[in-house]
Amino acid sequence: MSDTRIRTTSPAGFRRLGLHGQVVVTMHRQIATILGNRLGREHARFFARPQIDPSNGQIDWYAPVAGPVTPVGSLEPGERARVETLARQIRSEIAQLGQALKAEGASAELVGRMIDQALVTPPDQECLYLVGSQPVQVLWGHELEGGAPAGFGQASMAEPPVTAAGPSAALQPTPVSASPVAAASLAAAPKGSWHWLAWLLPLLLLLLLALLTIKACEPLPPQVVEMRREAPAPENPLPALEARERELRDRLAALESQEHDALAACGPMEPPSMRAEIAPEPPVPEPDRPPEPAPVPGPKLGDLVPPIPEEQPTPPPQSELPKLSQMVPPMPKEETTPPPSARTPQAPPKQSCNPNYPPGEEPEIVLIVDGSKSMDEPFPGAQTRMDMSRKSISNLVRGLPKPVDVALVEFTTCTNVRRDRFYSAPEREALIREVERLTPTGGTPLARSIERAGNIVSGQADSTIVVVSDGEDTCNGDPCAAARAINREKPNVTINVIDISGGSGRSVLQCVAGSTGGKVLTPQSGADMLRKMQQASGQPDTRACK
(Lines give C-alpha, C1' and ligand atoms only; values in the text may rest on other atoms or scores of the structure.)
Protein backbone atom coordinates (compact mmCIF):
# COMPACT_ATOMS: atom_id res chain seq x y z
CA MET A 1 0.00 0.00 0.00
CA SER A 2 1.56 3.35 -1.10
CA ASP A 3 1.91 6.28 1.29
CA THR A 4 0.07 9.58 0.78
CA ARG A 5 1.96 12.87 1.10
CA ILE A 6 0.18 15.31 3.44
CA ARG A 7 2.32 18.49 3.47
CA THR A 8 5.88 19.88 3.68
CA THR A 9 7.14 21.90 6.67
CA SER A 10 10.19 24.16 6.99
CA PRO A 11 12.53 23.98 10.01
CA ALA A 12 12.29 27.75 10.50
CA GLY A 13 10.55 28.66 13.74
CA PHE A 14 10.47 25.09 15.15
CA ARG A 15 12.72 23.05 17.43
CA ARG A 16 12.92 19.28 17.03
CA LEU A 17 12.72 17.43 20.33
CA GLY A 18 14.96 14.56 21.27
CA LEU A 19 16.48 12.45 24.01
CA HIS A 20 20.22 11.97 24.66
CA GLY A 21 21.08 13.51 21.33
CA GLN A 22 18.62 11.33 19.37
CA VAL A 23 15.93 13.32 17.48
CA VAL A 24 12.46 11.83 18.04
CA VAL A 25 11.21 12.20 14.44
CA THR A 26 14.07 9.96 13.22
CA MET A 27 12.69 7.14 15.44
CA HIS A 28 9.34 6.93 13.59
CA ARG A 29 9.70 3.30 12.54
CA GLN A 30 10.53 2.12 16.07
CA ILE A 31 7.67 4.13 17.61
CA ALA A 32 5.15 2.85 15.06
CA THR A 33 6.26 -0.76 15.65
CA ILE A 34 5.82 -0.44 19.43
CA LEU A 35 2.40 1.24 19.11
CA GLY A 36 1.22 -1.41 16.64
CA ASN A 37 2.26 -4.28 18.91
CA ARG A 38 0.92 -2.79 22.14
CA LEU A 39 -2.20 -0.85 21.02
CA GLY A 40 -3.19 -1.58 17.41
CA ARG A 41 -2.84 -0.59 13.77
CA GLU A 42 -4.87 2.63 14.15
CA HIS A 43 -2.45 3.93 16.81
CA ALA A 44 0.61 2.96 14.74
CA ARG A 45 -0.72 5.02 11.81
CA PHE A 46 -1.48 8.10 13.93
CA PHE A 47 2.02 9.63 13.55
CA ALA A 48 2.83 10.66 9.96
CA ARG A 49 6.07 9.27 8.51
CA PRO A 50 8.69 12.07 8.19
CA GLN A 51 11.12 12.27 5.26
CA ILE A 52 13.83 14.83 6.08
CA ASP A 53 15.69 16.65 3.28
CA PRO A 54 19.35 16.85 4.47
CA SER A 55 20.08 19.84 2.19
CA ASN A 56 17.59 22.31 3.70
CA GLY A 57 16.06 20.49 6.69
CA GLN A 58 12.53 20.47 5.25
CA ILE A 59 10.27 17.54 6.16
CA ASP A 60 7.76 15.83 3.84
CA TRP A 61 5.05 14.18 5.96
CA TYR A 62 3.45 10.98 4.59
CA ALA A 63 0.37 9.08 5.81
CA PRO A 64 0.71 5.27 5.88
CA VAL A 65 -2.74 4.91 4.27
CA ALA A 66 -4.26 5.90 0.93
CA GLY A 67 -7.13 8.35 0.57
CA PRO A 68 -8.05 12.02 0.26
CA VAL A 69 -6.17 14.41 2.58
CA THR A 70 -8.35 16.91 4.47
CA PRO A 71 -7.33 19.25 7.33
CA VAL A 72 -9.57 18.55 10.30
CA GLY A 73 -10.18 22.27 10.77
CA SER A 74 -11.92 22.47 7.36
CA LEU A 75 -14.38 19.61 8.00
CA GLU A 76 -18.07 20.08 8.71
CA PRO A 77 -18.76 20.74 12.43
CA GLY A 78 -20.26 17.30 13.09
CA GLU A 79 -17.54 15.37 11.27
CA ARG A 80 -14.85 17.58 12.78
CA ALA A 81 -16.09 16.85 16.32
CA ARG A 82 -16.11 13.11 15.62
CA VAL A 83 -12.55 13.06 14.23
CA GLU A 84 -11.21 15.26 17.04
CA THR A 85 -12.82 12.98 19.63
CA LEU A 86 -11.25 9.93 18.01
CA ALA A 87 -7.83 11.68 17.85
CA ARG A 88 -8.05 12.65 21.54
CA GLN A 89 -8.84 9.05 22.44
CA ILE A 90 -5.85 7.76 20.44
CA ARG A 91 -3.49 10.37 21.99
CA SER A 92 -4.76 9.51 25.48
CA GLU A 93 -4.13 5.80 25.00
CA ILE A 94 -0.65 6.48 23.58
CA ALA A 95 0.13 8.69 26.60
CA GLN A 96 -1.05 5.95 28.97
CA LEU A 97 1.26 3.49 27.21
CA GLY A 98 4.16 5.92 27.65
CA GLN A 99 3.47 6.20 31.41
CA ALA A 100 3.27 2.41 31.70
CA LEU A 101 6.59 1.94 29.89
CA LYS A 102 8.33 4.52 32.10
CA ALA A 103 7.15 2.59 35.16
CA GLU A 104 8.75 -0.63 33.87
CA GLY A 105 12.27 0.81 34.21
CA ALA A 106 15.51 0.12 32.32
CA SER A 107 15.27 0.38 28.53
CA ALA A 108 11.45 0.59 28.55
CA GLU A 109 11.72 3.92 30.42
CA LEU A 110 13.62 5.46 27.47
CA VAL A 111 10.86 4.35 25.11
CA GLY A 112 8.21 5.88 27.37
CA ARG A 113 10.02 9.23 27.47
CA MET A 114 10.45 9.11 23.70
CA ILE A 115 6.68 8.55 23.27
CA ASP A 116 5.97 11.51 25.58
CA GLN A 117 8.06 13.80 23.35
CA ALA A 118 6.42 12.44 20.19
CA LEU A 119 3.05 13.70 21.49
CA VAL A 120 4.32 17.31 21.61
CA THR A 121 3.13 19.54 18.73
CA PRO A 122 3.53 23.31 18.28
CA PRO A 123 0.42 25.31 19.23
CA ASP A 124 -1.62 27.34 16.74
CA GLN A 125 -0.52 25.07 13.87
CA GLU A 126 -2.58 22.87 11.53
CA CYS A 127 -1.20 19.49 12.66
CA LEU A 128 -4.19 17.09 12.47
CA TYR A 129 -5.41 15.70 9.11
CA LEU A 130 -7.94 13.12 8.01
CA VAL A 131 -6.55 10.74 5.37
CA GLY A 132 -9.35 8.45 4.24
CA SER A 133 -10.88 7.45 7.58
CA GLN A 134 -7.59 7.62 9.56
CA PRO A 135 -6.64 10.67 11.68
CA VAL A 136 -2.93 11.49 11.12
CA GLN A 137 -0.69 13.90 13.10
CA VAL A 138 2.12 15.94 11.48
CA LEU A 139 4.75 18.17 13.14
CA TRP A 140 4.84 15.72 16.06
CA GLY A 141 7.96 15.90 18.19
CA HIS A 142 8.29 19.67 17.49
CA GLU A 143 7.83 22.85 19.51
CA LEU A 144 8.08 26.55 18.74
CA GLU A 145 11.45 28.30 18.93
CA GLY A 146 11.92 30.29 22.11
CA GLY A 147 10.38 27.71 24.44
CA ALA A 148 12.33 25.76 27.06
CA PRO A 149 14.15 22.71 25.57
CA ALA A 150 12.23 19.51 26.22
CA GLY A 151 14.67 16.71 25.64
CA PHE A 152 18.34 17.43 25.09
CA GLY A 153 19.20 18.80 28.56
CA GLN A 154 20.59 22.18 27.42
CA ALA A 155 21.28 24.70 30.14
CA SER A 156 18.63 27.35 30.45
CA MET A 157 20.72 29.33 32.88
CA ALA A 158 22.83 32.24 31.58
CA GLU A 159 26.60 31.95 32.08
CA PRO A 160 28.19 34.23 34.67
CA PRO A 161 29.61 37.48 33.27
CA VAL A 162 33.29 37.50 32.41
CA THR A 163 35.27 40.72 32.81
CA ALA A 164 37.90 41.97 30.42
CA ALA A 165 40.63 40.71 32.73
CA GLY A 166 39.35 37.14 32.46
CA PRO A 167 37.41 34.83 34.78
CA SER A 168 40.08 35.01 37.48
CA ALA A 169 39.61 38.74 37.83
CA ALA A 170 36.66 38.18 40.12
CA LEU A 171 39.04 36.67 42.68
CA GLN A 172 41.52 39.60 42.60
CA PRO A 173 41.42 42.02 45.55
CA THR A 174 39.62 45.27 44.96
CA PRO A 175 41.68 48.41 45.65
CA VAL A 176 40.59 50.14 48.83
CA SER A 177 40.47 53.96 48.85
CA ALA A 178 40.17 56.12 51.89
CA SER A 179 36.72 57.42 52.56
CA PRO A 180 36.00 61.08 53.35
CA VAL A 181 35.33 60.21 57.00
CA ALA A 182 38.69 58.52 57.38
CA ALA A 183 40.41 61.52 55.77
CA ALA A 184 38.66 63.87 58.17
CA SER A 185 39.71 61.74 61.12
CA LEU A 186 43.30 61.81 59.99
CA ALA A 187 43.17 65.59 59.61
CA ALA A 188 41.61 66.09 63.03
CA ALA A 189 43.97 63.74 64.85
CA PRO A 190 46.30 65.58 67.19
CA LYS A 191 49.95 65.51 66.51
CA GLY A 192 51.76 62.75 68.28
CA SER A 193 48.72 60.46 68.38
CA TRP A 194 48.86 59.12 64.80
CA HIS A 195 51.18 56.25 65.79
CA TRP A 196 48.10 54.03 66.43
CA LEU A 197 47.40 54.14 62.68
CA ALA A 198 50.35 51.77 62.27
CA TRP A 199 48.19 49.09 63.92
CA LEU A 200 44.97 50.03 62.06
CA LEU A 201 46.39 49.46 58.56
CA PRO A 202 47.44 45.79 59.15
CA LEU A 203 44.06 45.17 60.81
CA LEU A 204 42.20 46.46 57.74
CA LEU A 205 44.37 44.29 55.51
CA LEU A 206 43.54 41.22 57.62
CA LEU A 207 39.81 41.98 57.39
CA LEU A 208 40.07 42.37 53.63
CA LEU A 209 41.95 39.07 53.37
CA ALA A 210 39.27 37.32 55.46
CA LEU A 211 36.51 38.68 53.19
CA LEU A 212 38.31 37.49 50.07
CA THR A 213 38.82 34.04 51.61
CA ILE A 214 35.10 33.69 52.42
CA LYS A 215 34.21 34.87 48.91
CA ALA A 216 36.56 32.31 47.39
CA CYS A 217 34.91 29.49 49.39
CA GLU A 218 31.42 30.23 48.05
CA PRO A 219 30.30 27.79 45.28
CA LEU A 220 30.35 29.12 41.75
CA PRO A 221 27.11 29.24 39.74
CA PRO A 222 26.54 25.92 37.96
CA GLN A 223 27.35 25.80 34.27
CA VAL A 224 25.79 22.97 32.27
CA VAL A 225 27.81 22.11 29.19
CA GLU A 226 26.24 19.93 26.52
CA MET A 227 28.67 17.24 25.36
CA ARG A 228 26.88 15.31 22.67
CA ARG A 229 29.87 13.53 21.15
CA GLU A 230 31.53 12.58 24.42
CA ALA A 231 28.33 11.34 26.10
CA PRO A 232 27.82 7.54 25.88
CA ALA A 233 25.20 6.41 23.40
CA PRO A 234 21.87 5.57 25.06
CA GLU A 235 20.86 1.97 25.20
CA ASN A 236 18.59 1.01 22.30
CA PRO A 237 15.51 -0.77 23.73
CA LEU A 238 14.54 -2.42 20.43
CA PRO A 239 17.06 -5.34 20.50
CA ALA A 240 15.85 -6.36 23.97
CA LEU A 241 12.21 -6.16 22.91
CA GLU A 242 12.88 -8.09 19.69
CA ALA A 243 14.78 -10.77 21.60
CA ARG A 244 11.86 -11.08 24.03
CA GLU A 245 9.46 -11.42 21.11
CA ARG A 246 11.58 -14.17 19.51
CA GLU A 247 11.71 -16.01 22.84
CA LEU A 248 7.92 -15.88 23.18
CA ARG A 249 7.45 -17.05 19.58
CA ASP A 250 9.77 -20.01 20.18
CA ARG A 251 7.87 -20.97 23.33
CA LEU A 252 4.56 -20.69 21.48
CA ALA A 253 5.88 -22.90 18.64
CA ALA A 254 7.05 -25.52 21.16
CA LEU A 255 3.64 -25.54 22.88
CA GLU A 256 1.85 -25.86 19.53
CA SER A 257 4.14 -28.77 18.59
CA GLN A 258 3.37 -30.51 21.90
CA GLU A 259 -0.34 -29.98 21.38
CA HIS A 260 -0.13 -31.34 17.81
CA ASP A 261 1.71 -34.48 19.04
CA ALA A 262 -0.86 -35.02 21.78
CA LEU A 263 -3.76 -34.70 19.34
CA ALA A 264 -2.06 -37.07 16.88
CA ALA A 265 -1.63 -39.67 19.65
CA CYS A 266 -5.31 -39.46 20.60
CA GLY A 267 -6.56 -39.94 17.02
CA PRO A 268 -9.27 -37.96 15.21
CA MET A 269 -12.45 -37.18 17.12
CA GLU A 270 -15.77 -37.37 15.36
CA PRO A 271 -17.85 -34.20 15.65
CA PRO A 272 -20.95 -34.57 17.85
CA SER A 273 -24.21 -35.06 16.01
CA MET A 274 -27.37 -33.46 17.33
CA ARG A 275 -29.68 -35.93 15.63
CA ALA A 276 -27.62 -38.93 16.75
CA GLU A 277 -28.00 -37.82 20.39
CA ILE A 278 -31.74 -37.50 20.12
CA ALA A 279 -32.52 -40.58 18.03
CA PRO A 280 -29.69 -43.16 17.98
CA GLU A 281 -31.81 -45.77 16.20
CA PRO A 282 -31.66 -45.79 12.38
CA PRO A 283 -34.70 -44.05 10.88
CA VAL A 284 -37.35 -46.11 9.23
CA PRO A 285 -37.70 -45.11 5.57
CA GLU A 286 -40.93 -43.35 4.83
CA PRO A 287 -43.10 -44.36 1.89
CA ASP A 288 -43.40 -41.89 -0.93
CA ARG A 289 -47.05 -41.29 -0.12
CA PRO A 290 -49.12 -42.33 2.89
CA PRO A 291 -51.61 -45.17 2.13
CA GLU A 292 -55.14 -44.12 1.45
CA PRO A 293 -57.73 -45.16 4.10
CA ALA A 294 -60.12 -47.92 3.24
CA PRO A 295 -63.23 -46.60 1.43
CA VAL A 296 -66.40 -46.37 3.49
CA PRO A 297 -69.85 -46.39 1.82
CA GLY A 298 -71.56 -43.07 1.69
CA PRO A 299 -70.36 -39.54 0.83
CA LYS A 300 -67.34 -38.27 2.80
CA LEU A 301 -65.51 -34.98 2.95
CA GLY A 302 -62.39 -36.74 1.61
CA ASP A 303 -64.26 -37.59 -1.60
CA LEU A 304 -64.97 -33.91 -2.23
CA VAL A 305 -61.73 -32.27 -0.97
CA PRO A 306 -58.26 -33.78 -1.59
CA PRO A 307 -56.50 -34.73 1.67
CA ILE A 308 -53.68 -32.51 2.99
CA PRO A 309 -51.12 -34.84 4.62
CA GLU A 310 -49.12 -32.00 6.21
CA GLU A 311 -52.01 -30.61 8.29
CA GLN A 312 -54.23 -33.73 8.77
CA PRO A 313 -51.98 -36.81 8.44
CA THR A 314 -53.76 -40.09 7.86
CA PRO A 315 -52.92 -42.65 10.57
CA PRO A 316 -50.83 -45.54 9.21
CA PRO A 317 -52.08 -49.15 9.32
CA GLN A 318 -51.39 -51.18 12.44
CA SER A 319 -48.82 -53.31 10.56
CA GLU A 320 -46.50 -50.32 9.96
CA LEU A 321 -44.15 -48.73 12.49
CA PRO A 322 -44.74 -45.07 13.45
CA LYS A 323 -42.72 -42.46 11.56
CA LEU A 324 -39.59 -41.00 13.08
CA SER A 325 -40.97 -37.48 12.56
CA GLN A 326 -43.98 -38.41 14.75
CA MET A 327 -41.76 -39.69 17.58
CA VAL A 328 -39.16 -36.86 17.65
CA PRO A 329 -40.10 -33.15 17.34
CA PRO A 330 -38.44 -31.38 14.40
CA MET A 331 -35.13 -29.62 15.07
CA PRO A 332 -35.03 -25.81 14.76
CA LYS A 333 -33.95 -24.57 11.37
CA GLU A 334 -30.41 -23.24 10.99
CA GLU A 335 -29.58 -20.06 9.14
CA THR A 336 -26.51 -21.67 7.61
CA THR A 337 -25.65 -25.18 6.42
CA PRO A 338 -27.63 -28.29 7.56
CA PRO A 339 -26.33 -30.32 10.55
CA PRO A 340 -23.47 -32.79 9.92
CA SER A 341 -25.75 -35.84 10.11
CA ALA A 342 -27.84 -34.58 7.17
CA ARG A 343 -24.91 -34.07 4.83
CA THR A 344 -23.13 -36.64 2.74
CA PRO A 345 -19.79 -37.56 4.38
CA GLN A 346 -16.91 -36.08 2.48
CA ALA A 347 -13.30 -35.09 3.07
CA PRO A 348 -12.84 -31.75 4.89
CA PRO A 349 -11.78 -28.87 2.63
CA LYS A 350 -8.10 -28.02 2.58
CA GLN A 351 -7.36 -24.76 4.33
CA SER A 352 -4.24 -22.67 4.63
CA CYS A 353 -2.92 -22.66 8.20
CA ASN A 354 -0.94 -19.44 7.64
CA PRO A 355 -2.62 -17.40 4.90
CA ASN A 356 -0.59 -14.49 3.52
CA TYR A 357 -1.99 -10.95 3.37
CA PRO A 358 -0.52 -7.77 1.85
CA PRO A 359 0.92 -5.35 4.44
CA GLY A 360 -1.86 -3.30 6.02
CA GLU A 361 -4.62 -5.68 4.89
CA GLU A 362 -4.42 -8.28 7.68
CA PRO A 363 -7.96 -9.06 8.93
CA GLU A 364 -9.10 -8.05 12.41
CA ILE A 365 -11.69 -9.59 14.74
CA VAL A 366 -13.43 -7.67 17.54
CA LEU A 367 -15.34 -9.79 20.08
CA ILE A 368 -18.29 -8.16 21.91
CA VAL A 369 -19.25 -10.17 25.00
CA ASP A 370 -22.49 -9.58 26.89
CA GLY A 371 -21.73 -9.11 30.58
CA SER A 372 -25.32 -8.61 31.80
CA LYS A 373 -26.70 -10.53 34.79
CA SER A 374 -28.84 -12.75 32.54
CA MET A 375 -25.64 -14.44 31.33
CA ASP A 376 -25.66 -16.38 34.65
CA GLU A 377 -28.70 -18.37 33.49
CA PRO A 378 -28.11 -22.06 32.57
CA PHE A 379 -27.72 -23.25 28.98
CA PRO A 380 -28.02 -26.81 27.55
CA GLY A 381 -24.65 -28.53 27.55
CA ALA A 382 -22.97 -25.87 29.76
CA GLN A 383 -23.22 -24.59 33.31
CA THR A 384 -24.23 -21.03 32.34
CA ARG A 385 -24.38 -18.88 29.23
CA MET A 386 -21.22 -17.07 30.32
CA ASP A 387 -19.37 -20.39 30.82
CA MET A 388 -20.31 -21.38 27.28
CA SER A 389 -19.18 -18.01 25.89
CA ARG A 390 -15.82 -18.12 27.67
CA LYS A 391 -15.10 -21.66 26.49
CA SER A 392 -16.02 -20.99 22.85
CA ILE A 393 -14.01 -17.72 22.64
CA SER A 394 -10.90 -19.38 24.15
CA ASN A 395 -11.22 -22.23 21.65
CA LEU A 396 -11.53 -19.73 18.75
CA VAL A 397 -8.53 -17.61 19.81
CA ARG A 398 -6.19 -20.62 20.11
CA GLY A 399 -6.87 -21.70 16.52
CA LEU A 400 -6.81 -18.37 14.62
CA PRO A 401 -4.18 -17.78 11.90
CA LYS A 402 -1.14 -15.84 13.09
CA PRO A 403 -1.69 -12.67 10.97
CA VAL A 404 -5.14 -12.06 12.54
CA ASP A 405 -5.33 -9.53 15.41
CA VAL A 406 -8.10 -9.90 18.02
CA ALA A 407 -9.65 -7.33 20.38
CA LEU A 408 -12.23 -7.63 23.16
CA VAL A 409 -15.15 -5.31 24.04
CA GLU A 410 -16.96 -6.18 27.28
CA PHE A 411 -20.03 -4.47 28.73
CA THR A 412 -21.30 -5.03 32.27
CA THR A 413 -23.44 -1.95 33.03
CA CYS A 414 -25.01 0.90 31.04
CA THR A 415 -22.06 3.17 31.94
CA ASN A 416 -19.25 0.61 31.82
CA VAL A 417 -18.22 -0.44 28.32
CA ARG A 418 -14.65 -1.67 28.47
CA ARG A 419 -12.58 -1.74 25.26
CA ASP A 420 -9.45 -3.80 25.48
CA ARG A 421 -6.48 -3.51 23.09
CA PHE A 422 -5.68 -5.64 20.03
CA TYR A 423 -3.73 -8.83 20.70
CA SER A 424 -1.23 -10.25 18.22
CA ALA A 425 -0.47 -13.99 17.88
CA PRO A 426 2.18 -14.13 20.69
CA GLU A 427 -0.20 -12.30 23.09
CA ARG A 428 -3.28 -14.49 22.71
CA GLU A 429 -2.79 -16.31 26.01
CA ALA A 430 -3.10 -12.91 27.73
CA LEU A 431 -6.39 -12.36 25.85
CA ILE A 432 -7.65 -15.77 27.00
CA ARG A 433 -6.89 -14.78 30.59
CA GLU A 434 -8.94 -11.60 30.08
CA VAL A 435 -11.84 -13.71 28.73
CA GLU A 436 -11.71 -16.15 31.64
CA ARG A 437 -12.17 -13.35 34.18
CA LEU A 438 -15.45 -12.10 32.60
CA THR A 439 -18.22 -12.01 35.21
CA PRO A 440 -21.90 -11.02 34.61
CA THR A 441 -22.99 -8.00 36.66
CA GLY A 442 -25.47 -5.51 35.13
CA GLY A 443 -27.34 -4.16 32.09
CA THR A 444 -26.98 -4.52 28.30
CA PRO A 445 -25.56 -1.40 26.49
CA LEU A 446 -25.46 -3.27 23.16
CA ALA A 447 -25.55 -0.10 20.99
CA ARG A 448 -22.58 1.54 22.77
CA SER A 449 -20.55 -1.68 22.50
CA ILE A 450 -21.17 -1.94 18.74
CA GLU A 451 -20.24 1.74 18.31
CA ARG A 452 -17.01 1.26 20.32
CA ALA A 453 -16.06 -1.81 18.26
CA GLY A 454 -16.67 0.13 15.04
CA ASN A 455 -14.33 2.90 16.18
CA ILE A 456 -11.35 0.59 16.72
CA VAL A 457 -11.76 -1.91 13.87
CA SER A 458 -9.73 -1.31 10.72
CA GLY A 459 -11.36 0.46 7.81
CA GLN A 460 -8.75 -0.78 5.31
CA ALA A 461 -8.97 -4.59 5.60
CA ASP A 462 -11.85 -7.09 5.65
CA SER A 463 -12.70 -7.37 9.35
CA THR A 464 -15.39 -9.04 11.47
CA ILE A 465 -17.25 -8.04 14.64
CA VAL A 466 -18.66 -11.04 16.56
CA VAL A 467 -21.47 -10.18 19.00
CA VAL A 468 -22.32 -12.73 21.72
CA SER A 469 -25.56 -11.58 23.37
CA ASP A 470 -28.70 -12.96 25.03
CA GLY A 471 -31.03 -9.96 24.80
CA GLU A 472 -31.93 -6.48 23.59
CA ASP A 473 -30.35 -3.14 24.55
CA THR A 474 -31.56 -2.14 28.03
CA CYS A 475 -29.75 1.23 28.11
CA ASN A 476 -31.95 3.25 25.69
CA GLY A 477 -29.56 2.64 22.76
CA ASP A 478 -30.29 1.75 19.13
CA PRO A 479 -28.10 -1.22 18.08
CA CYS A 480 -29.47 -1.15 14.51
CA ALA A 481 -28.47 2.51 14.03
CA ALA A 482 -24.97 1.76 15.38
CA ALA A 483 -24.58 -1.14 12.93
CA ARG A 484 -25.80 0.95 9.99
CA ALA A 485 -23.31 3.70 10.87
CA ILE A 486 -20.45 1.18 10.77
CA ASN A 487 -21.64 -0.06 7.36
CA ARG A 488 -21.64 3.51 5.99
CA GLU A 489 -18.17 4.43 7.30
CA LYS A 490 -16.44 1.03 6.96
CA PRO A 491 -18.26 -1.11 4.37
CA ASN A 492 -15.60 -3.84 4.62
CA VAL A 493 -16.69 -4.71 8.21
CA THR A 494 -19.18 -7.57 8.79
CA ILE A 495 -21.13 -8.08 12.02
CA ASN A 496 -22.07 -11.69 12.86
CA VAL A 497 -24.29 -12.32 15.92
CA ILE A 498 -24.43 -15.43 18.11
CA ASP A 499 -27.93 -15.38 19.62
CA ILE A 500 -28.23 -17.21 22.96
CA SER A 501 -31.39 -15.34 24.06
CA GLY A 502 -33.76 -18.19 23.29
CA GLY A 503 -35.68 -15.98 20.82
CA SER A 504 -36.52 -12.94 23.02
CA GLY A 505 -34.15 -10.52 21.26
CA ARG A 506 -34.27 -12.12 17.82
CA SER A 507 -35.62 -9.15 15.83
CA VAL A 508 -32.98 -6.69 17.12
CA LEU A 509 -30.10 -9.11 16.51
CA GLN A 510 -31.38 -9.85 13.00
CA CYS A 511 -31.35 -6.11 12.24
CA VAL A 512 -27.79 -5.70 13.59
CA ALA A 513 -26.41 -8.52 11.46
CA GLY A 514 -28.46 -7.67 8.37
CA SER A 515 -27.21 -4.06 8.33
CA THR A 516 -23.72 -5.28 7.38
CA GLY A 517 -24.60 -8.44 5.44
CA GLY A 518 -23.81 -10.66 8.44
CA LYS A 519 -25.56 -13.70 9.90
CA VAL A 520 -27.37 -14.62 13.12
CA LEU A 521 -26.26 -18.01 14.45
CA THR A 522 -28.26 -19.85 17.14
CA PRO A 523 -26.35 -22.58 19.02
CA GLN A 524 -28.34 -25.48 20.49
CA SER A 525 -25.73 -26.82 22.92
CA GLY A 526 -22.28 -26.16 24.31
CA ALA A 527 -20.65 -28.31 21.59
CA ASP A 528 -22.65 -26.52 18.89
CA MET A 529 -21.50 -23.17 20.33
CA LEU A 530 -17.87 -24.04 19.44
CA ARG A 531 -18.82 -24.54 15.79
CA LYS A 532 -20.97 -21.41 15.66
CA MET A 533 -18.18 -19.25 17.14
CA GLN A 534 -15.67 -20.54 14.53
CA GLN A 535 -18.22 -19.91 11.76
CA ALA A 536 -18.96 -16.37 13.00
CA SER A 537 -15.26 -15.43 12.95
CA GLY A 538 -14.93 -16.24 9.24
CA GLN A 539 -11.44 -17.67 9.87
CA PRO A 540 -10.17 -21.28 9.66
CA ASP A 541 -9.07 -23.32 12.67
CA THR A 542 -5.34 -23.76 12.02
CA ARG A 543 -5.19 -26.72 14.40
CA ALA A 544 -7.39 -28.78 12.05
CA CYS A 545 -5.49 -28.11 8.81
CA LYS A 546 -2.13 -29.13 7.42
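No experiment lies behind these values; they were computed from the predicted model shown.

### Topic: the sheet that holds strand 5 (residues 49–52)
At step 1: Spatially, the three strands line up as an open sheet ordered 1-6-5, and their pairing is antiparallel. Edge positions in the sheet fall to strand 1 (4–9) and strand 5, since each of these pairs with one other strand and no more. When the angles between neighbouring strand axes are averaged without regard to direction, this sheet yields 25 degrees.
At step 2: Alignment of strand 1 against strand 6 (residues 59–63), held across five bridges, turns out to be antiparallel. Following the sheet pairing, Thr-4 is matched in strand 6 by Ala-63.

### A short note on the state of the cysteines
At step 1: Under the defined criterion, the tally for this structure stands at one disulfide.
At step 2: Note on cysteine connectivity: Cys-480 is disulfide-linked to Cys-511, with sulfurs 2.2 Å apart. Of this pair, Cys-480 sits in helix 14 (residues 479–489) while Cys-511 is found in helix 15 (residues 506–514), placing the two residues 31 residues apart along the sequence.
At step 3: For Cys-511, a relative accessible area of 25% puts it in the partly exposed group.

### Details of a nonpolar patch on the surface
At step 1: A cluster of nonpolar side chains, Leu-200, Leu-203, Leu-204, Leu-206 and Leu-207, forms an exposed patch at the surface whose accessible area comes to about 460 Å².
At step 2: With respect to the helices and strands, the residue Leu-204 is situated in helix 6 (residues 197–217).

### A short note on the confidence of the model for the chain
At step 1: With 68% of its residues at a pLDDT of 70 or more, the chain has an overall mean of 74.
At step 2: Within the model, pLDDT remains below 50 along residues 299–305, and this stretch shows one contact once partners closer than five positions in the same chain are excluded.

### Overview of the packing of aromatic side chains
At step 1: With the rule as written, the count across this model stands at three aromatic pairs.
At step 2: Relative to Phe-47, the ring of Phe-46 has its centre 5.5 Å away and its plane inclined at 65 degrees; by these criteria the two rings are edge-to-face. You'll find Phe-46 and Phe-47 in the same group, each marked buried.
At step 3: Ring geometry for Phe-47 and Trp-140: centres 5.1 Å apart, planes at 45 degrees, overall tilted. Note that Phe-47 is positioned in the loop between helix 2 (41–44) and strand 5 and Trp-140 in the loop between strand 9 (134–137) and strand 10 (142–144), a separation of 93 residues in sequence.
At step 4: In this structure Phe-47 comes out as buried when scored by relative accessible area, which is 3%.
At step 5: Under the relative-accessibility criterion, Trp-140 is labelled buried at 0%.

### Quick notes on the sheet that holds strand 9
Strand-to-strand pairing in sheets goes through backbone hydrogen bonds, with the strands running parallel or antiparallel.
At step 1: Read from one edge of the open sheet, three strands run 7-8-9, paired in antiparallel fashion. The strands lining the two open edges of the sheet, one partner per strand, are strand 7 (69–71) and strand 9. With strand direction ignored, the average angle separating the axes of adjacent strands in the sheet is 35 degrees.
At step 2: Here three bridges tie strand 7 to strand 8 (residues 128–131), and the two strands are oriented antiparallel to one another. Each residue of the ladder has a partner; that of Val-69, found in strand 8, is Val-131.
At step 3: Packing of helix 3 (residues 77–104) onto the sheet brings it into contact with strand 8 and strand 9, and relative to strand 9 it is tilted by some 65 degrees.

Thresholds applied
- Residues numbered from 1 in each chain as written.
- Predicted model: local features only at pLDDT ≥ 70, side-chain atom pairs only at ≥ 80, totals over all residues.
- Heavy atoms only, no water.
- Pairing = 2+ DSSP bridges.
- Helix = DSSP H or I, 4+ residues; strand = E, 2+ residues; numbered from the N terminus.
- Axes fitted to C-alpha atoms, helices over the stretch in contact; angles between N-to-C directions.
- Disulfide = S-S within 2.5 Å.
- Buried < 20%, exposed > 50% of the residue type's maximum accessible area, 1.4 Å probe, protein only.
- Patch = residues over 30% accessible without salt bridge, like charges linked within 9 Å, V, L, I, M, F, W, Y side chains within 5 Å.
- Areas by Shrake-Rupley, 256 points an atom, 1.4 Å probe, with all protein chains shown as cover.
- Salt bridge = Lys/Arg side-chain N within 4 Å of Asp/Glu carboxyl O.
- pLDDT = per-residue confidence, 0-100.
- Contact = heavy atoms within 4.5 Å.
- Phe/Tyr/Trp six-rings, centres within 6.5 Å; stacked < 30°, edge-to-face > 60°.

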